[in-house]
Amino acid sequence: MNYLLRSDRWFVSRCARVRGGRPSGRLLPSLSLLLVLLVGCAGSDTTAQQLPTHLLDICNQRTDSLLQEATQQIEKMTIEEQIGQLIIPIWEPRYDSASQARYLQLIDKIRPGGILFRKGEPYDQYWLTRLLQERSRIPLLITADAEWGLAMRLQGTIRYPRMKLLADHCTPEEMYTLGQHMAQQCRVMGIHVSFAPVLDVNNNPKNPVIGTRSLGATPDIVISHGLALARGLEDGGVLSVAKHFPGHGNTDKDSHKTLPTVSGSLEELERVELAPFRAYIEAGLGGIMVAHLSVPALEPDVTCPSSLSHAVVTGLLREQLGFKGLIFTDGLEMRGVQRTEGLPISVAAILAGNDLLLGPLDPLQSYEELLSAYHAGVLSEETIRDRCLRILCYKLLLHAGEMVERPIYNKEELYEALHTPELVSFAKELQNKVSQKK
């Protein structure tokens, strides 16, 4: 894609060296390198050999040189640019001139780390993505809510069955293939990150928001099928993001509307809610989204959402569970995280240990809050740099597998690329399986 030939050439040059020649569209080696590199990014004593071997066995590069390139890039960035990297606005995929002007203005102003698009039309999002990438000096992470495929947000794309139906009728091997097919469609659209799989154990029948988004009511089925989907996504070149840590299944409230409580004991949480996330981390997979939940067993302040809790994000997720990947907040426009006292939500979320702030109500205001917190000494340069360096490491590797020159689709060609015979046939096969009566 043309934007990779501009000031972001360092991503392409790394890709060429990783491949020993012309960049490849296949990203499995890149994601293997990613897991090794992030050990260094996080400043942990954990060694690469302690990570799962299923992604490391094809890694044959020196991680210090990769980290050196990310460090060289961050040395060129101002503190303002580093702060901007921590923010992911949520935008409508509109390609009209007024929307373009508004989006480009914010790109120039805060240099966001990525974008999440709302519902819309694929071709508009495709061209808007190209436009925003061309404008951004540092390549954007394009993210997607695509739990059951792009059709969750983009009209006219392949719609797969809900996760519960798939887990009931399909094998883990089929879930892996599904992940690969989802990744293929994401890459056509220029998407690097999929907010999937849902690893919540749906063990409360009164839950109003998880339901069939979950793979099932037991940790075992969630682990077997959820991790297979995540591996398929990452082997296909798209970062998976497990959600909603530490588990949104056992509650009867919706965090979009209020702050739900998960009231299980620590032993119960370990056995049920945390089990899929622990397995995901042990499998060496790369992203986790933190929910807005009150979990008294983990955070004594029942008014503090888990997404803003240092005990949950840093103490549990980073330190106890040993997660080295990217941590995203759940959407910061949700009511479950709103509050009227204390530090601004954006500042509290970074201090808690999150890397990326997803969908602040006002991205520019969040940027200014973070910058003010830095100048006031509330946010240290070390903290900002740590988060930004980890983000750059992921960008280095997720962008590295893109072709130096990708095809420019017209509307018909884009539709065809998203509906290849193989993709359509497999989707029909899955639909037939879940439609069969036992």
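Nothing here was measured: the structure is a model prediction, and the numbers come from that model.

A.B. asks: Teacher, can you tell me more about the pairing of strand E7 (residues 287–290) here?
C.D. replies: Within a regular strand, side chains alternate between the sheet's two faces. Burial along E7 is two-sided: the face carrying Gly287 and Met289 and the face carrying Ile288 and Val290 are both buried. The pairing of E7 with strand E8 (residues 326–329) spans 4 bridges and is classified as parallel. Directly across from Ile288, in E8, lies its bridge partner Ile327.

A.B. asks: When you look at the pattern of salt bridges in this model, what are you seeing that I'm missing?
C.D. replies: In total, this model carries 17 salt bridges according to the counting rule given. The shortest N-O distance in the salt bridge between Asp108 and Arg135 comes to 2.7 Å. Taken together, the residues Asp108 in helix H6 (residues 97–110) and Arg135 in helix H7 (residues 122–135) connect sequence positions 27 residues apart. Exposure remark for Asp108: the relative accessible area of 34% places this residue in the partly exposed category. Residue Lys253 is joined to Asp252 by a salt bridge in which the shortest nitrogen-to-oxygen separation is 3.3 Å. Residue class for Lys253 comes out partly exposed when judged on its relative accessible area of 39%.

A.B. asks: Just to check I follow, could you spell out the nonpolar core for this structure?
C.D. replies: Soluble globular proteins: nonpolar side chains tend toward being buried together. Core analysis: the largest hydrophobic core is formed by 116 residues, its most contacted members being Leu132, Met163, Leu178, Phe245, Ile288 and Leu317. If you look at the next biggest cluster of nonpolar residues, it comprises 8 residues, including Ala70, Ile74, Met77 and Leu389.

A.B. asks: Explain a nonpolar patch on the surface to me, please; I cannot follow it from the model alone.
C.D. replies: Together, Leu343, Leu351 and Val378 make up a nonpolar patch on the protein surface, roughly 200 Å² of accessible area in all. Position of Val378 among the secondary structure elements: in the loop between helix H15 (363–375) and helix H16 (381–400).

A.B. asks: Please explain the environment of Trp127 as it appears in this structure.
C.D. replies: In this fold, Trp127 is placed in helix H7. Given the relative accessible area of 23%, Trp127 is considered partly exposed. Between the C-alpha atoms of Trp127 and Ile408, which are 281 residues apart in sequence, the distance is 9.4 Å. Non-local contacts of Trp127, meaning those with residues more than four positions away in its chain, are made with Tyr95, Ile408 and Tyr409.

A.B. asks: Just to check I follow, could you spell out the confidence of the model for the chain for this structure?
C.D. replies: When pLDDT is low, close inspection of the predicted coordinates is not appropriate. In the predicted model, the chain carries a mean pLDDT of 86, and 83% of its residues have values of at least 70. Here residues 1–62 scores under 50 on pLDDT; set against residues more than four positions off or in separate chains, the count is 147 contacts.

A.B. asks: Sorry if this is basic, but what is going on with the sheet that holds strand E2 (residues 90–91) here?
C.D. replies: Pairing between the strands of a sheet comes from backbone hydrogen bonds, and it takes one of two forms, parallel or antiparallel. Taken together, the 7 strands give an open sheet; going across it, the order is E2-E3-E4-E5-E6-E7-E8, and neighbouring strands pair in parallel fashion. Strand pairing shows two members of the sheet lacking a second neighbour, E2 and E8, which therefore form its edges. Here 3 bridges tie strand E3 (residues 114–117) to strand E4 (residues 141–144), and the two strands are oriented parallel to one another. Bridge assignment links Leu116 to a residue of E4, and that residue is Thr143. Docked against the sheet, helix H12 (residues 274–282) engages strand E6 (239–245) and E7, running at close to 155 degrees with respect to E6.

A.B. asks: Explain the packing of aromatic side chains to me, please; I cannot follow it from the model alone.
C.D. replies: What characterises a pair of aromatic rings is the spacing of the ring centres plus the angle enclosed by the ring planes. Tallied over the full model, the rule gives 7 aromatic pairs. Between Phe195 and Phe328, the aromatic rings sit 5.3 Å apart at their centres with planes inclined by 80 degrees, giving edge-to-face as the arrangement. Here Phe195 is found in the loop between strand E5 (193–194) and helix H10 (219–235), whereas its partner Phe328 is found in strand E8, with 133 residues between them in sequence. Across this residue pair, the class does not change: Phe195 and Phe328 are buried. Each ring, one from Phe245 and one from Phe277, has its centre 5.3 Å from the other, and the planes form 90 degrees; the classification is edge-to-face. Of this pair, Phe245 sits in strand E6 while Phe277 sits in helix H12, and the two are 32 residues apart along the sequence. Both residues of the pair, Phe245 and Phe277, belong to the buried class. Grouping aromatic residues by their ring pairs yields a cluster made of Tyr123, Tyr126, Trp127 and Tyr409.

What counts, and where the lines are drawn
- Residues numbered from 1 in each chain as written.
- Predicted model: local features only at pLDDT ≥ 70, side-chain atom pairs only at ≥ 80, totals over all residues.
- Heavy atoms only, no water.
- Buried < 20%, exposed > 50% of the residue type's maximum accessible area, 1.4 Å probe, protein only.
- Helix = DSSP H or I, 4+ residues; strand = E, 2+ residues; numbered from the N terminus.
- Pairing = 2+ DSSP bridges.
- Salt bridge = Lys/Arg side-chain N within 4 Å of Asp/Glu carboxyl O.
- Core = buried A, V, L, I, M, F, W, Y, C linked by side-chain atoms within 4.5 Å.
- Patch = residues over 30% accessible without salt bridge, like charges linked within 9 Å, V, L, I, M, F, W, Y side chains within 5 Å.
- Areas by Shrake-Rupley, 256 points an atom, 1.4 Å probe, with all protein chains shown as cover.
- Contact = heavy atoms within 4.5 Å.
- pLDDT = per-residue confidence, 0-100.
- Axes fitted to C-alpha atoms, helices over the stretch in contact; angles between N-to-C directions.
- Phe/Tyr/Trp six-rings, centres within 6.5 Å; stacked < 30°, edge-to-face > 60°.

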